[in-house]
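# Survey of secondary and tertiary structure
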Amino acid sequence: MRHRLAIGAWALAGLALAAPAFGHGDEARDQAPPARADFVPPAPGTYTLQAIMRAPAGTVVDLDGRDRRLAEVTTGKITLLSFVYTRCSDAWGCPLAYRVFDAVATAMERIPGLRSRVRLVTLSFDPRHDTPAVMRQYAGEQAARGIDWRFLTTRSERALLPLLEGFGQDVQIPAAAGGAAAGPLTHLLKVFLIDPRGVVREIYSTAYLYPEVVVADIETLGLERAGRSTTP
Amino acid sequence: MATFPRPLVLRALLALALLVAPTAVGPARADETCNSPYMANLIKGQEDYLYVWTLGKAGVGDGSDKLVTIDANPSSPRYGKVIHKVSVGGRGEAHHMGFTDDRRFLWAGGLDDSKIVVFDVGTDPAKPRIARRITDMPKRTGYVGPHTFYALPGRMLVQGLSNAKDKGGVTGMALYSNKGELITTYAMPTADGGDGYGYDIAINPQKNALLTSSFTGWNNYMTSLGKLVQDAEAMKRFGGTMVVWDLKAMKPRKVLAVPGAPLEIRWSLKDGDTWAITAAALTSKLWLVRPGASSEWEAKEVATIGDPAKIPLPVDISIRNDGTGLWVNTFMDGKTRYFDLTNPEQPRQTYEKVTGKQVNMISQSWDGTRVYVSSSLLASWDKAGADDEQFVRAFKWDGKELSPAFEVDFYREKLGRAHHMKFGTRAAKAAYQAPLAGTR
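Residues numbered from 1 in each chain as written. Chains lettered and ligands numbered in written order. Predicted model: local features only at pLDDT ≥ 70, side-chain atom pairs only at ≥ 80, totals over all residues.

### Overview of the overall build of chain B
Applicable threshold: Secondary structure elements follow DSSP: runs of H or I no shorter than four residues count as helices, runs of E no shorter than two count as strands, and numbering proceeds from the N terminus. Radius of gyration here is computed from C-alpha atoms only, and the compact-globule reference equals 2.2 Å multiplied by the residue count raised to the power 0.38. Exposed residues have 12 or fewer other C-beta atoms within 10 Å of their own C-beta, buried residues have 20 or more, and residues in between are partly exposed; the C-beta atoms are placed from the backbone. Note on contacts: each residue gets a C-beta atom placed from the backbone, and two residues are in contact if those atoms are within 7 Å.
Per the secondary structure count, chain B includes six helices and 29 strands. In terms of overall size, chain B behaves like a compact globule, its C-alpha atoms giving a radius of gyration of 20 Å where 440 residues would be expected to give roughly 22 Å. Principal-axis analysis of the C-alpha atoms places the extent of chain B at approximately 60 × 50 × 45 Å. Residues counted as buried form 60% of the 440 residues belonging to chain B. For chain B, the share of sequence-separated contacts (at least 6 apart) that also reach a separation of at least 24 residues comes to 57%.

In structure tokens, the structure reads:
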């Protein structure tokens, strides 16, 4: 594992330097890569990621339009999950999550052992618009990249709500005068790191969403699972 | 409630100063520029509501602690009026509040009963309601006196002031999920110069830094001032440190000596800035915390607030969104002071105004043009008689002068003692709330 960590550090050095290159026309999503942290993250395995909560149960829909239990994609591997909606144009919202996921995917390709143990999940909270076909387009070449990156949606708002409530993901609509809904959806970007047992172990938002930190946390969970954590 | 003739309070505070041990205090993060960096939906335009966590007082209304909602939008016909109140039943020394990261819930604590009340301010921001209560913090964590409520993504970090074993100042932080479930605890450091005390929390994610400050324990903050100052041993039990934590690891990185009870901590919000400022209550000093030349964190005294010999007692502070200015309330002289922070190494006071006979908390709008001041410090530390004004006063700030906008007299309205203030908005609503009710 030490060898893997060393490689990880090397690989991460290049993570933030290469912007993803996908030809699906989403300019916000394909902007410059996320900023790098202004600090050196503590070494993987030297700290504890607390058990925050259990990932909720529910039903999602895959790119082929098939119903899936959410637990299928929140257990068995270390999972990084983010809610998005494909129409989001806030560079600090869904597009940032996409770019960070892309950087983590790059780490999965470069760091031995990560590819088979880590899963990425991009889940829409806009089921009316984000059909499986739309999500497939959003996924672009990522779906064929050879890493476990799932693009999912839900059948309806009724199916979505327990997931939002369970994860504590807010989704809002700006209110016009008189309280009527106006404008696009808004949300606080959250990315959830889930261990193989389906327990949320870290939640990132825009203020702390650095690929190198995320990968260090993934490696920490990997060390923990291998019984080699150095935390007290 | 214990009350004191003002001279006695003054003598007591002077005694505290001579002992270089802190004193009264109770403020905390107040305003839109002083929220957790993880918080969503900052109100950068006009706030609609002012939520005021209010201490109950026997004989005033129902006598219970309550959350008071004031209409703060000048375009509203109810501007400056109390439009809602939620009594929690009983008095527990209501003190500070903090929003969850999604701003849907407002956590509020009692320093005496150690109970936490979680208000739902998302469903109907004009009419907050109690969503849940957390009543077992001392039993589950060993800590008492939940003071600062600091949002982390999906979680709430709560700073205790004391402990359940001896109710002294050694304490810690408790981490809860947003659903109110205890996740873990973090003891304040007692080694390498740490005194184990706690008060405020402030995070700079870009530096992976969490700062804490220090006050005193339940035995002291719930004791009347006159009695306290005559207890030499008790007077030694005040904090004089700040701690820099590794945020990711949640481990103390360095203990900084900051004598005189460092209280509220404000990071500059300006891009690229990596400094924070705090006010030491007893010594009446501003301290700057930043990485030094060797990148080691350092604390440095940078300014004096008023005349320390007169014990103005700085309480709450509020920083401008660009880090160029700082409001400082001083409780004893009732002054609201403005410091130019253009050079944070040398803050300069450029304005002051008496805004009340006693003032504690201060909150400003994101653009700095609206400033709100409240009156209460702690039930047993507030002034007595005619000096015991209890209010929220709103002002307009044009960069030169604070001009009165509205005032709510909390005694006349039979509310109690006005303490911590937070802003509310009706600018957004949950996207998927309606479908649950079957209306969409």
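### Quick notes on the overall build of chain A
Across its full length, chain A carries six helices and nine strands. Among the 232 residues that make up chain A, the fraction classed as buried is 47%. Here the analysis covers contacts within chain A between residues at least 6 apart in sequence; of these, 71% occur between residues at least 24 apart.

### Re the interface of chain B and chain A
Each partner contributes to the interface: chain B provides 30 residues, whereas chain A provides 31 residues. Where the side of chain B that touches chain A is concerned, the elements lending two or more residues are β10 (172-177), β11 (182-187), β29 (428-430) and α6 (433-436) of chain B. With three residues, β29(B) is the largest single contributor of residues to the side of chain B that touches chain A.

### Looking at the sheet that holds strand β22 (residues 335-340) of chain B
Residue and element names in this part refer to chain B. Test applied: Being paired, for any two strands, means DSSP has found at least two bridges between them. Lines fitted to C-alpha atoms define the axes here, with helix axes fitted over just the stretch in contact, and angles between the N-to-C directions of these axes take values from 0 to 180 degrees.
Within the open sheet, the four strands sit side by side as β20-β21-β22-β23. Their pairing is antiparallel. The strands lining the two open edges of the sheet, one partner per strand, are β20 (314-319) and β23 (348-354). In this sheet, neighbouring strand axes are inclined to one another by 20° on average, regardless of whether the strands run parallel or antiparallel. Note: β20 against strand β21 (residues 325-330), four bridges, orientation antiparallel. Opposite I317, over in β21, you have V328 as the bridge partner.

### Some details on the sheet that holds strand β2 (residues 66-71) of chain B
What holds strands together in a sheet is hydrogen bonding between their backbones, with the strands either parallel or antiparallel. All names here are of chain B. Read across the sheet, four strands follow the order β3-β2-β1-β28 without closing on themselves; strand pairing throughout is antiparallel. Edge positions in the open sheet fall to β3 (82-87) and β28 (417-424), since each of these has one partner strand only. The average undirected angle you get between the axes of adjacent strands in this sheet is 20°. Of the pairings in the sheet, the one linking β2 to β3 comprises five bridges and is antiparallel in character.

### Structural notes on the confidence of the model for chain A
Going by this rule: Residue-level confidence of the predictor, termed pLDDT, takes values from 0 up to 100.
Averaged over all residues, the pLDDT of chain A equals 82, while 78% of them reach at least 70. In the model, residues 1-25 of chain A has pLDDT below 50 throughout and makes 42 contacts with residues more than four positions away in sequence or in other chains.

### Points about helix α4 (residues 132-139) of chain A
All names here are of chain A. The condition that has to hold: Arc, as used here, means the arc of the directions from the helix axis to the C-beta atoms.
Restricting attention to buried positions, one finds in α4 the residues M135, Y138 and A139. Here the buried residues of α4 occupy an arc of 100° about the axis, which is enough to place them on one side. The elements touched by buried residues of α4 are β5 (118-124) and β6 (149-152). Once α4 finishes, G140 follows within two positions and takes phi at roughly 55°, a positive value.

### Points about the environment of A:G76
Among the secondary structure elements, A:G76 is positioned in the loop between β3 (67-69) and β4 (78-84). Considered as a pair, A:G76 and A:R117 are 41 residues apart in the sequence and their alpha carbons are 8.4 Å apart.

### A short note on unusual backbone geometry
Residues and elements named next belong to chain B. Despite not being glycine, K167 has its phi angle at roughly 55°, a positive value. Secondary-structure assignment places K167 in the loop between β9 (155-163) and β10. The partly exposed category is assigned to K167, around which 19 C-beta atoms lie within 10 Å. For I311, which is not a glycine, the phi torsion comes out positive at approximately 50°. Structurally, the position occupied by I311 is in the loop between β19 (297-304) and β20. Classification of I311 by C-beta neighbours within 10 Å gives buried; the count is 27.

### Some details on the pairing of β6(A)
All names here are of chain A. Going by this rule: When the strands point away from the viewer and the path from the first strand over the helix to the second turns clockwise, the crossover is right-handed.
Of the two faces of β6, the one holding W149 and F151 and the one holding R150 and L152 are both buried throughout. Two elements, β5 and β6, share four bridges in a ladder whose sense is parallel. Counted as the bridge partner of T122 is F151 from β6. The β-α-β motif built from β5, the intervening α4 and the parallel element β6 has right-handed crossover chirality.

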